[in-house]
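Close look at the chain arrangement
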Amino acid sequence: MSIQSIKTLGQLKEAGWKSKSIKDELRDNLIDNIKNDVVTFKGIHGYENTVIPELERAILSKHNINLLGLRGQAKTRLARLMTQLLDEYIPFIGGSEIHDDPLNPLSRKAKQLIEEHGDNTPIEWLHRDERFYEKLATPDVTVADLIGDIDPIKAANLKLSYADDRVIHYGMIPRANRCIFVINELPDLQARIQVALFNILQEGDIQIRGFKLRLQLDMQFVFTANPEDYTNRGSIVTPLKDRIGSQILTHYPKSIEIAKTITQQEASNDDRLKNHIHVPELAKDLLEQISFTARESEYVDEKSGVSARMSITAYENLLSTAERRSLMSGEKTTTIRYSDFLGVIPSITGKIELVYEGEQEGAAFVAQELIAQATKTLFPIYFPEIKKLTKADEQTPYDTLVQWFFDNNGIELLDELSNEEYEHLLNEVTPLEDLINEYQPDVASEDKFFLKEFLLWSLVEFDKLSKHRFKEGYQINDLYSSYLKGL
């Protein structure tokens, strides 16, 4: 018999149902997962040896948890995934505002229902997906929002005085009884509101407008906080921190491979990838390297952090840049080009907080600088390093390529070139093919043209070639051509 077919308290008792606290649910189901080698936090990458073991230890300890980290570090997602550790369904007394346990009721209404109906008391079932409550801490949050208040309309309808506890309207926290309750950005919550949480965390009782209710609320609290908030907007009051069992530090991906996995996972539903846009592996690496570079940039506020969402939205913009180009040229398929990275600049400028020097330079300049620095970082992985200083007669692998630009007055890379025009243009620069054959002979044919353009732009960033932006695209020349033409 399905448990959802149980409709009364008597049937529940006959079925041998036993009450269990939410923290015991989480603990017992986590133990089963660990024993059976089941992954609990699916879709979370890079935390396997750091955050997740600490989170599992906190759950085993039955602690309330504070996830502390910069923006875009999957704090809220971790909290939401904790619902997968709950039992699929739990019973509660039908009509209860606070999901009263049928075998251990808390509210006056639930106790009255059992007193009146006995074993015929109606039972309803709550799915684990409905046992997640979330509140963003903002300065306008009140105690009434979280804990509750007197409801004058209820008092009037029931013809009760304000001295009767039946006039109470429960807030979000009592209504989240037997559920996971998340308060995001806890330091933004005013100190006096944080104080209202003390007894709920420690003693289990709440006070509403003079009513002291001994409600042993059964809850799993998860808080999230950003270290930046401690100095900019507020802090977690010390007595509240003392009542939170475990504080877990989150972090950004440690490697480009992990970052790529996250971005690809978030973009996996984009049909453009399957249908007509090819993304070279180097383009994916470059996209992630931009975020890594931003986190170390002198222009970017490191205390604010650079969210993983920047890579995700930049990736989406990268695809859209290629998609728009193919739509304009009427082509069904296309490949990401290095010049398409100009289309990700709006995703970067909206996701980074600049220090004073960055503000002086401007967000667009900083974004282009991040792309340039990311390019220079990846270049030595694919081609011989370009030294800053060389002897006058010293030969480099790039001399032939630089000479080609000197002899041929450069090339014009237009933004909207068709695939055929683009490939023909790069094939004309014959030294590019020689360099790729020598240093990247195993590159996939569909990735070769991206690598050619990457090589050109890298030489620009290392001051071996020059670039000039005009309305329809870029002109790449010998380093001194623009100077000589001006003489």
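Residues numbered from 1 in each chain as written. Predicted model: local features only at pLDDT ≥ 70, side-chain atom pairs only at ≥ 80, totals over all residues. Heavy atoms only, no water.

**Description of the sheet that holds strand S14 (residues 411-414)**
- Pairing is antiparallel across the open sheet formed by 3 strands, whose spatial order is S14-S16-S15. Only two strands of the sheet have a single partner each, and these edge strands are S14 and strand S15 (465-470). Put simply, the sheet's adjacent strands are angled 25° from each other on average, direction ignored.
- When S14 meets strand S16 (residues 473-478), the two strands line up antiparallel, connected through 4 bridges. The residue bridging Leu-414 from the neighbouring strand is Gly-473, located in S16.
- Helix H20 (residues 399-408) contacts S14, S15 and S16 of the sheet and is inclined by roughly 105° relative to S16. (Pairing = 2+ DSSP bridges. Helix = DSSP H or I, 4+ residues; strand = E, 2+ residues; numbered from the N terminus. Axes fitted to C-alpha atoms, helices over the stretch in contact; angles between N-to-C directions. Contact = heavy atoms within 4.5 Å.)

**A look at helix H16 (residues 308-329)**
- Relative to the 32 Å expected for 22 residues at 1.5 Å per residue, H16 spans 33 Å between its end C-alpha atoms, a close match to the ideal helical length.
- In this structure Ser-307 caps H16, since a side-chain oxygen of it lies 2.9 Å from the backbone nitrogen of Arg-309.
- Within two residues after H16, Gly-330 carries a phi angle of roughly 75°, on the positive side. (Expected span 1.5 Å × (residues − 1). Polar contact = N/O pair within 3.5 Å; in protein donor to acceptor, adjacent residues only side chain to side chain.)

**A short note on empty space enclosed by the protein**
- All told, the structure shown has 1 cavity of 30 Å³ or more when counted by the stated rule.
- Considering only enclosed or pocket space, the largest cavity measures out at about 60 Å³ in volume.
- Elements with a minimum of two residues in the lining of the largest cavity: helix H13 (256-266), helix H15 (281-296) and H16.
- Per element, the largest residue contribution to the lining of the largest cavity is 4 residues, and it comes from H15. (1 Å grid on protein atoms, 1.4 Å probe; cavity = no way out; pocket = protein on both sides within 12 Å on 5 of 7 lines; lining within 4 Å. Points joined across faces, edges and corners; volume = space filled by probe spheres on them.)

**Observations concerning the sheet that holds strand S1 (residues 65-68)**
- Read from one edge to the other, the open sheet built from 5 strands follows the order S4-S7-S10-S1-S11, with strand pairing classed as parallel. At either end of the open sheet lies a strand with only one pairing partner, and these are strand S4 (132-136) and strand S11 (246-249). Along the sheet, successive strands turn relative to each other by an average axial angle of 20°, direction set aside.

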